[in-house]
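If you want the building blocks of each chain, they are given just below.
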Amino acid sequence: MVILLSLKNCFQLHYGLKIPAAGFRCSANTGLIIQSVSSDIYQNLAVEDWVHDNMTLEDRHVLFMWRNSPTVVIGRHQNPWQECNLKIMREKNIKLARRRSGGGTVYHDLGNINLTFFTSKKKYERMENLKLVVRALKALRPQFDVRATERYDLLLNGNFKISGTAAKLGRTVAYHHCTLLCNADRFLLSSVLKSPYKGIKSNATPSMPALVKNLFEEDPSLTCEIVMDAIAAEYARCHKIDHCITLINPGDETVFPGINMKTKELQTWDWIYGKTPKFSIRTCFNMVYKQSLLEVKVDIQVKHGRIEACNIDLPEQWLPPAMCSELEKNLTGSKLCPSETAALASTLLRVCPQNYELHSKWSLLCETVMTLM
Amino acid sequence: MALRALRRVAVSLAPRCPGRGGPFPSARSAWPQAAPARSLGTSALLFSARKFTDKHEWISVENGIGTVGISNFAQEALGDVVYCSLPEIGTKLNKQDEFGALESVKAASELYSPLTGEVTEINTALADNPGLVNKSCYEDGWLIKMTVDNPSELNELMNEDAYEKYIKSIED
């Protein structure tokens, strides 16, 4: 039976683990199961950072369960332009986050469960954690064909990915986290995890696309709550601890001193986009202007998410060369960001001759360049 | 085991590649131009044999510049490195500051600065060939070079023998 506890009734989390059994109503000396009440990706990632930075887990383990509102999460060294459709994400208000662990890009919504297994570095063992999840699922539905692969994915029926894994090794603490698709929006997932951006050359770590499925599609009676409870039960059994889940509020500074600063850092442009490894965009566009097709060649170098150098090749005399080089000059140093480029473009427009044809050509060019972002 | 094998190989290779940072002290003394191994003091600014941190980074100092990498034990534990995230030149680091990360098939793993100093060079070869960290962790797979602002910090690091003992103790 699940006992949900509010952390307000217990001592602060880190004391609870440093002093065995102090304050907690469950036996926290070897393990602890916590579940976030927040569905904000940045707050939940901050919990991982907090545990990683503040806890020593010599002989102890923590399981953290969390779910998020629609978000795309990229790995530590990935390129969001290469991994997802930022345009659709902006339109549908889907957040973008960069986690601190490695691995590939995933889509989260409330139909996806995230599990983080915290251990000491020595006890870091991804396969054991995944086997635990498989056991939990099989205990729920013995007929399920779920297994772990060498890549640390979980497959349903041999070929549908229901879980992906990533991990981080810190000073003393390690964590392995994974997703679990219960009832996520698969169609939205496919459309946001497909990058429309062409011509990107990058040494960022790539994702490996896979066919996915929800557990719910195998058995509609399964909900996230049922699955989380089953996993908690199996974790409690393995670590010989009480089956109780402590609810945590990732915004609570009294329980997690310093966590709000971590949350803020994860939301900054510099972290999310600026941490993208250096890359280049080299591509050709076709622009349609007054029934003629025009070819535009673009060569942009991007470092820390900002345009380091840019070259735009237009058909001769289509636009005064001075205007084109003004655009290139002003783009250099600015963020690879459509709203910043739009602002830049309209500022430049104000200082150029008031000529309708020129303005419409300029707008077309800028809009075209913005589609790269 | 791997460390001992490396030493035998390094000794035989040393005479063919003079002037490179890396080989063990015993090999160095065979070179005509090599400075003899010195005790730490003001002369530590000039030269120090390879030292190790408990986080498995190594640093060797030549002409006041330290070359930093990860040990063979670390690269084996990490698995195939797929990405190296290194700092900008000019970054100031305190001892034990995080200066970057290595992503391998196993996990993303932080890198910690062995000493206090400023980054003077980064190994750009790792951008296209991160596997160098696995293939040649003491030579071509070096990560950064940095100034040595507090030479006395070198005293706090382990020499090769001490490091080998340390690895044995944690491998239990």
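These lines cover the structure that appears in this document, whether it is placed above or below. (Residues numbered from 1 in each chain as written. Chains lettered and ligands numbered in written order. Predicted model: local features only at pLDDT ≥ 70, side-chain atom pairs only at ≥ 80, totals over all residues. Heavy atoms only, no water.)

**Considering the overall build of chain B**
Next, step 1: Looking only at helices and strands, chain B has six helices and nine strands in total.
Next, step 2: A total of about 8300 Å² of accessible surface is found on chain B, and carbon and sulfur atoms cover 53% of it. (Helix = DSSP H or I, 4+ residues; strand = E, 2+ residues; numbered from the N terminus. Areas by Shrake-Rupley, 256 points an atom, 1.4 Å probe, with all protein chains shown as cover.)

**Section: the overall build of chain A**
Next, step 1: A count of helices and strands for chain A gives 13 helices and 17 strands.
Next, step 2: Counting only C-alpha atoms and orienting by the principal axes, one finds that chain A spans roughly 75 × 45 × 30 Å.
Next, step 3: Of all 373 residues assigned to chain A, the portion counted as buried reaches 55%.
Next, step 4: A sequence separation of at least 24 residues applies to 73% of the contacts in chain A between residues at least 6 apart.
Next, step 5: Accessible surface, chain A: about 16500 Å² in total, of which carbon and sulfur atoms supply 54%. (Buried < 20%, exposed > 50% of the residue type's maximum accessible area, 1.4 Å probe, protein only. Contact = heavy atoms within 4.5 Å.)

**Here we look at the pattern of salt bridges**
All names here are of chain A.
Next, step 1: A complete count under the given rule lists 26 salt bridges over all chains for this structure.
Next, step 2: Between R147 and D145 there is a salt bridge, with its nearest N and O atoms 3.1 Å apart.
Next, step 3: Judged by its relative accessible area of 45%, R147 falls in the partly exposed class.
Next, step 4: K213 is paired through a salt bridge with E218; the nearest N and O atoms lie 3.2 Å apart.
Next, step 5: One connected set of salt bridges, linked through shared partners, spans D49, R100 and E265. (Salt bridge = Lys/Arg side-chain N within 4 Å of Asp/Glu carboxyl O.)

**Quick notes on the sheet that holds strand β4 (residues 71–74) of chain A**
Residues and elements named next belong to chain A.
Next, step 1: Ordered in space as β5-β4-β6, the three strands form an open sheet in which the pairing is mixed. The open sheet has two edge strands with one neighbour each: β5 (95–98) and β6 (106–108). Strand-to-strand twist of the sheet, defined as the mean angle between neighbouring strand axes without regard to direction, takes the value 25°.
Next, step 2: One ladder, built from four bridges, connects β4 with β5; its direction is parallel. When the sheet's bridge partners are listed, I74 is paired in β5 with R98.
Next, step 3: Against the sheet, helix α2 (residues 41–54) engages β4, β5 and β6, with an angle of about 15° to β5. (Pairing = 2+ DSSP bridges. Axes fitted to C-alpha atoms, helices over the stretch in contact; angles between N-to-C directions.)

**Some words on the interface of chain A and chain B**
The figure often quoted for interface size is the accessible area lost as the parts come together.
Next, step 1: The interface is formed by 21 residues belonging to chain A together with 19 residues belonging to chain B.
Next, step 2: For the chain A and chain B pair, buried surface summed over both sides reaches about 1600 Å², with 45% attributable to carbon and sulfur atoms.
Next, step 3: One salt bridge in this structure joins B:E110 and A:K168, with 2.9 Å as the shortest N-O distance.
Next, step 4: Here chain A and chain B share twelve residue pairs in polar contact (both at pLDDT 80 or more) between them.
Next, step 5: No other element matches the three residues that strand β11 (residues 165–169) of chain A contributes to the side of chain A that touches chain B.
Next, step 6: Taken together, the residues that form the side of chain A that touches chain B break down as five nonpolar, nine polar and seven charged. (Buried area = accessible area lost by both parts, 1.4 Å probe. Polar contact = N/O pair within 3.5 Å; in protein donor to acceptor, adjacent residues only side chain to side chain. Nonpolar A, V, L, I, M, F, W, Y, C, P; charged D, E, K, R; others polar.)

**Some remarks on the packing of aromatic side chains**
Residue and element names in this part refer to chain A.
Next, step 1: If you walk through the whole model with that rule in mind, you get twelve aromatic pairs over all chains.
Next, step 2: Ring centres of Y289 and W318 lie 5.5 Å apart, and the angle between their planes is 90°; this geometry places the pair in the edge-to-face category. A residue pair is termed long-range when its members are at least 10 positions apart, and Y289 in strand β15 (residues 279–289) and W318 in the loop between β17 (306–313) and α11 (321–331) qualify at 29 residues.
Next, step 3: A residue is classified by how much of its surface remains accessible, and Y289, at 11% relative accessible area, is buried. (Phe/Tyr/Trp six-rings, centres within 6.5 Å; stacked < 30°, edge-to-face > 60°.)

**What about the environment of A:K262?**
Residue and element names in this part refer to chain A.
Next, step 1: Mapped onto the elements, K262 comes out in helix α9 (residues 259–267).
Next, step 2: Residue classification places K262 among the buried positions, given a relative accessible area of 18%.
Next, step 3: Separated by 217 residues in the primary sequence, K262 and L45 place their C-alpha atoms 8.7 Å from one another.
Next, step 4: Each residue touching K262, except ones within four places of it in the same chain, is listed here: A46, D49, W50, D53 and N54.
Next, step 5: Looking at K262, its side chain comes within polar contact range of the side chain of D53, at 2.6 Å.

**Some details on the packing of helix α12 (residues 338–350) of chain A against helix α13 (residues 356–370) of chain A**
Axis angle and axis distance: for two packed helices, these are the angle between their axes and the distance between the axes, and together they describe the pair.
All names here are of chain A.
Next, step 1: Running from N to C, α12 and α13 cross one another at 165°; their axes reach a closest spacing of 10 Å. Here α12 lies roughly antiparallel to α13, going by the angle between them. Considering the relative orientation of α12 and α13, their crossing is right-handed. Where α12 abuts α13, its residues P338, T341, A342, A345, L348 and L349 lie against H359, W362, C366 and M370. (Parallel < 35°, antiparallel > 145°, perpendicular 65-115°, else oblique. Left-handed = near helix turned anticlockwise from the far one by under 90°.)

**A closer look at the sheet that holds strand β5 (residues 92–93) of chain B**
Residues and elements named next belong to chain B.
Next, step 1: Spatial strand order, β1-β2-β3-β9-β8-β5: six strands in an open sheet with antiparallel pairing. The strands lining the two open edges of the sheet, one partner per strand, are β1 (47–52) and β5.
Next, step 2: Note that strand β2 (residues 57–62) and strand β3 (residues 65–70) share six bridges and pair antiparallel. Following the sheet pairing, E57 is matched in β3 by I70.

**Notes on α11(A)**
Residues and elements named next belong to chain A.
Next, step 1: Those residues of α11 that fall on the buried side of the exposure criterion are M323, C324, L327, E328 and L331. Take α11 and look down its axis: the buried residues cluster within an arc of 140°, on one side only. Exposed residues lying more than 90 degrees from the buried face of α11 are P321, A322 and K329.
Next, step 2: Following α11 by one or two positions, G333 has its phi on the positive side, about 95°. (Arc of directions from axis to C-beta.)

**Structural notes on the environment of A:W362**
Residue and element names in this part refer to chain A.
Next, step 1: Tracing the backbone through its elements, the reader meets W362 in helix α13.
Next, step 2: Remark: the alpha-carbon pair of W362 and M323, spanning 39 residues in sequence, is separated by 8.6 Å.
Next, step 3: Those residues in contact with W362, other than ones at most four positions away along the chain, are L319, M323, L327, A345, L348 and L349.
Next, step 4: Within the structure, W362 has its side chain in polar contact with the backbone oxygen of A345 (distance 3.1 Å).

**Side note on the environment of B:E57**
Residue and element names in this part refer to chain B.
Next, step 1: Within the secondary structure layout, E57 lies in strand β2.
Next, step 2: Residue classification places E57 among the buried residues on the basis of a relative accessible area of 2%.
Next, step 3: C-alpha separation for the pair E57 and C84, spaced 27 residues apart in sequence, amounts to 14 Å.
Next, step 4: Those residues in contact with E57 that sit more than four places away from it in its chain are K51, F52, G69, I70, E110, L111 and Y112.
Next, step 5: At 3.0 Å, the side chain of E57 forms a polar contact with the backbone nitrogen of Y112.

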